[in-house]
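Residues per chain, in single letters:
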Amino acid sequence: MAETVSWVGLAIALLLPWLCGSVWVCLLLRGTGRANAALLLGQGFFVGHFGVTLLLRLWDAIGLPLGFLPLSIVLALLSLAGLLLLRGRRTVAVAASARGRTGPAAALCIGVLLLMLLSRYVVLAQELLLRPLYGWDAWMNWVPKAIVWYHHGSLVDFVSPAAWLNPGPAETYTLGNTEAWDYPISVPLIQLWAMLAAGTTDHPALYLSWLLTPLCLALLLYGHLRLAGLGSAACIGACYVLLSMPYINVHTALAGYADLWLGAVFGAAVCALYEWSQCRQWRHAVLCLVLAAFCAQIKVTGIFLGLIVVALLLRAWLRLSPWQDLLAAAAMLAGFAVLMTAGASFTLPHLGQVVLGWE
């Protein structure tokens, strides 16, 4: 049976990073003319949760015991500081082409789509809340780290099985999946944040952020499409198509996997990259780079997705001609082939070991 859970703490854990992230995204994008409330709230959710993972790492690095109350106070102070910096500044601007009155037919279409989405996500919420943690990857690769850290009150090391069999003076742990010890740790840190808030490691409600993740992705999609000049009905229709994808629905119901977070953050990074391509203001480029960094901290494959975003941003910034594009792509492919043939192996700080080889 699941343990009792602090619902107040869990609500704060869900909303406080969202508020903090939205405030600082709002502060970053102020005055660009390429922002609206939906975009800020959607991007803010992901930036805020990235900030939580960084805060947990910093807190542990300076030797402080992990506790929900002091960490929440820091987040609240960061939110307050951002709000004070925003005072008296215009930060939200909606494209003129996105304004206008919605007709009766469009309003009906919007209402029907929203009701269908509400019905779908009520069912997904029931799936999430009425079933214990189920996903294989969740309880093999991600959640064990969070549980160990919760009970220790610190981010103790996870090492390879070979290193674990020959322990040194420090206490270490390993995992059943022999490669999972070296995976990026952002998802376990998100789970740890919920556990600290709830006061338990065993309750389905710990994974409510998996329910909010696709909704916030749809929210930022709506905001970006409105800035592109689409009407409300078309934007809601696009959000409905996104949220009806079986992959998204499955990974929402089977909470605990990292894939949903990776897909959503990559999508958020691509949207920020698109906005930068429209206005070429450095603020959107910074948001894009932050989200690309978050991608690299979610899964090993996220390293490459983050690099794709950075490469596209660099390409757009350099304004390469088609021939220069072709030459750069050929050079990168040749270099990659050489590394694969030579069997390169190296370790990236906070990311883990990268091995290139044809096998």
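Structure: above.
Residues numbered from 1 in each chain as written. Predicted model: local features only at pLDDT ≥ 70, side-chain atom pairs only at ≥ 80, totals over all residues. Heavy atoms only, no water.

Student: Whenever I open this one, the pattern of salt bridges confuses me. Can you help?
Tutor: Pairing is possible between side chains of opposite charge, provided their charged atoms come close. Within this structure, the stated rule accounts for three salt bridges. Here Arg34 makes a salt bridge to Glu275, at a shortest N to O gap of 2.8 Å. Here Glu275 lies in helix H11 (residues 259-279) and Arg34 lies in the loop between helix H1 (7-29) and helix H2 (37-61), a separation of 241 residues in the sequence. Each member of the pair, Arg34 as well as Glu275, carries the same accessibility label: buried. The salt bridge partner of Asp259 is Lys299, with a shortest N-O separation of 3.3 Å. On the criterion of sequence distance, the pair formed by Asp259 in helix H11 and Lys299 in the loop between helix H12 (282-296) and helix H13 (300-318) is long-range, its members being 40 residues apart. (Salt bridge = Lys/Arg side-chain N within 4 Å of Asp/Glu carboxyl O. Helix = DSSP H or I, 4+ residues; strand = E, 2+ residues; numbered from the N terminus. Buried < 20%, exposed > 50% of the residue type's maximum accessible area, 1.4 Å probe, protein only.)

Student: Where do I start with the packing of helix H8 (residues 209-227) against helix H10 (residues 246-253) in this structure?
Tutor: Packed helices, taken two at a time, are described by their axes: the angle between them and the distance between them. Viewed as axis vectors pointing N to C, H8 and H10 meet at an angle of 155°, and their least axial separation amounts to 8 Å. Comparing their axes, H10 and H8 come out roughly antiparallel. H10 is crossed by H8, and the crossing has right-handed handedness. When H8 is examined against H10, the residues Trp210, Leu211 and Pro214 are found in contact with a partner set consisting of Ile248, His251 and Thr252. Tallied by class, the residues present in the contact of H8 with H10 amount to four nonpolar, two polar and no charged. (Axes fitted to C-alpha atoms, helices over the stretch in contact; angles between N-to-C directions. Parallel < 35°, antiparallel > 145°, perpendicular 65-115°, else oblique. Left-handed = near helix turned anticlockwise from the far one by under 90°. Contact = heavy atoms within 4.5 Å. Nonpolar A, V, L, I, M, F, W, Y, C, P; charged D, E, K, R; others polar.)

Student: I keep staring at the side chain of Thr53 and nothing clicks. Help me out?
Tutor: Looking at where Thr53 falls in the secondary structure, it is placed in helix H2. What makes Thr53 buried here is its relative accessible area of 1%. From its side chain, Thr53 meets the backbone oxygen of Phe50 in a polar contact 2.6 Å long. Among all residues touching Thr53, those that are not within four sequence positions of it are Ser186, Leu189 and Ile190. (Polar contact = N/O pair within 3.5 Å; in protein donor to acceptor, adjacent residues only side chain to side chain.)

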